[in-house]
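Architecture at a glance
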Amino acid sequence: MLPIARFPVVTAALLALALPLAFGACSGEDEKAAAEAERESRLAEIEGQKQALDTARSELETTAERLRQAESGALPAGEEVDAAELRAEVERADAEITTAAEDLNAALTNFINEVAQQASIGPGEPLPEVMQRAIALKAEEDMTLAREFITEGGDYVRALDMYGAILAYDPENQRVRDAIAEAQAMRYMDQERFSQVRNGMTPAEVEQLLGTVNLRNRRDYPDQGIIAWYFPKSAARDAAGVWFRQRGNRWEVYRIEFDAVGAPGQDDS
């Protein structure tokens, strides 16, 4: 939950005693309008940060897809790219995006907390419109990061934790509740989904069907020229397995086992 503090309202009545009442009221309204305009301006800047970040993410995904094609031999016939150059570009862009995402999160958190302090929101009172927009923007950004835990690392635990954190400050967010349901459904492998995998498929094709394998559940055997991916079937640590070997310039599936790893206490022979 965001650390939104509440502070008592300090009245400026004593400071205004020497001024005409009408002037003091007008000055107060002017100050309020100026504060609202300043908040709008700051939020517009933050919204611009978010748009630029999302554009950079889209461009990175395009470059990363080109790299995947180059490394798997899936580029169109006759097309050549420098895989090392693409890899360096992906790493550079990824580092820049990570920094930009951290800056955006800090800007949003600070903005929301400052508005909460200035507005002096009482129990049951509606949040200021500018604060509602900022919270919605933060929820959207946090959802993006949660999805990345799944798509980039197959880490459903961290994604679900982040979704839960979003609900702590945005409890009515239905998109988050839907994302939680989807993540829970995809977290463990089932026979129906796993049965779609076929020998000869590439790692990218397997990912399209089964989702990204958790980095902790990938095993490389360079001396044998084999890669194994394990997909948990339950919290008991039993798992389905897919094995790849290299043929020419591409990796492809050559072995598929739904009962590759038994739960502790089961006979795995």
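First, a word on scope: everything that follows refers to the structure included in this document. (Residues numbered from 1 in each chain as written. Predicted model: local features only at pLDDT ≥ 70, side-chain atom pairs only at ≥ 80, totals over all residues. Heavy atoms only, no water.)

Further remarks concern the overall build of the protein chain. Secondary structure assignment for the protein chain yields 7 helices and 4 strands. Reading the protein chain from its N terminus to its C terminus gives the helix and strand order α-α-α-α-α-α-α-β-β-β-β. In the protein chain, which comprises 269 residues, the share counted as buried stands at 32%. Here the analysis covers contacts within the protein chain between residues at least 6 apart in sequence; of these, 54% occur between residues at least 24 apart. (Helix = DSSP H or I, 4+ residues; strand = E, 2+ residues; numbered from the N terminus. Buried < 20%, exposed > 50% of the residue type's maximum accessible area, 1.4 Å probe, protein only. Contact = heavy atoms within 4.5 Å.)

Attention now goes to the packing of helix H4 (residues 156-169) against helix H5 (residues 174-187). Close contact between H4 and H5 brings their axes to 10 Å; oriented N to C, the two are set at 160°. What the angle tells us is that H4 and H5 run roughly antiparallel. For the crossing formed where H4 meets H5, the hand is left-handed. Of H5, the residues touching H4 (which contributes Tyr-156, Val-157, Leu-160, Tyr-163, Ile-166 and Leu-167) are Val-176, Arg-177, Ala-179, Ile-180, Ala-183, Gln-184, Met-186 and Arg-187. Here the contact of H4 with H5 is composed, by residue class, of 11 nonpolar, 1 polar and 2 charged. (Axes fitted to C-alpha atoms, helices over the stretch in contact; angles between N-to-C directions. Parallel < 35°, antiparallel > 145°, perpendicular 65-115°, else oblique. Left-handed = near helix turned anticlockwise from the far one by under 90°. Nonpolar A, V, L, I, M, F, W, Y, C, P; charged D, E, K, R; others polar.)

Moving on, we get to the nonpolar core. Judged by nonpolar contacts, the single largest core of 38 residues is most densely connected at Ile-46, Phe-111, Met-131, Tyr-163, Ile-166 and Val-176. Taken together, the elements giving at least two residues each to this core come down to helix H1 (21-72), helix H2 (83-119), helix H3 (129-153), H4 and H5. Ranked by the residues each element gives to this core, the list is headed by H2, at 11 residues. Residues contacting Ile-166, with those up to four places away along its chain left out, are Ala-139, Asp-142, Met-143 and Val-176. Residues Met-201, Val-213, Val-242 and Val-253 belong to the second largest nonpolar core, which totals 15 residues. (Core = buried A, V, L, I, M, F, W, Y, C linked by side-chain atoms within 4.5 Å.)

We now examine the layout of surface pockets. Taken as a whole, the largest pocket spans an internal volume of roughly 1,900 Å³. Looking at the largest pocket, it is lined by 41 residues, and the ones nearest its centre are Ala-64, Arg-68, Thr-151, Glu-152 and Glu-207. Contributing elements (two or more residues each) for the lining of the largest pocket: H1, H2, H3, helix H7 (203-210), strand S2 (226-232) and strand S4 (250-261). The element that contributes the greatest number of residues to the lining of the largest pocket is H1, accounting for 11 residues. (1 Å grid on protein atoms, 1.4 Å probe; cavity = no way out; pocket = protein on both sides within 12 Å on 5 of 7 lines; lining within 4 Å. Points joined across faces, edges and corners; volume = space filled by probe spheres on them.)

Looking now at H2. Here H2 spans 53 Å end to end across 37 residues, near enough to the 54 Å set by a 1.5 Å rise per residue. For H2, the N-terminal cap is Asp-82; the gap from its side-chain oxygen to the backbone nitrogen of Ala-84 is 3.1 Å. Phi turns positive, to about 50°, at Ser-120, one or two residues after H2. (Expected span 1.5 Å × (residues − 1). Polar contact = N/O pair within 3.5 Å; in protein donor to acceptor, adjacent residues only side chain to side chain.)

Another aspect to go through is the sheet that holds S2. Strand order in the open sheet made by the 4 strands is S1-S2-S3-S4, with antiparallel pairing throughout. Two strands close off the open sheet at either side, each with one partner strand: strand S1 (218-221) and S4. Averaged over all adjacent pairs, the angle separating strand axes in this sheet is 20°, with direction ignored. Direction of pairing for strand S3 (residues 239-247) relative to S4: antiparallel, over a ladder of 8 bridges. Bridging from a neighbouring strand, Ala-239 pairs with Val-261 of S4. Running at roughly 0° to S2, H7 makes contact with S2, S3 and S4 of the sheet. (Pairing = 2+ DSSP bridges.)

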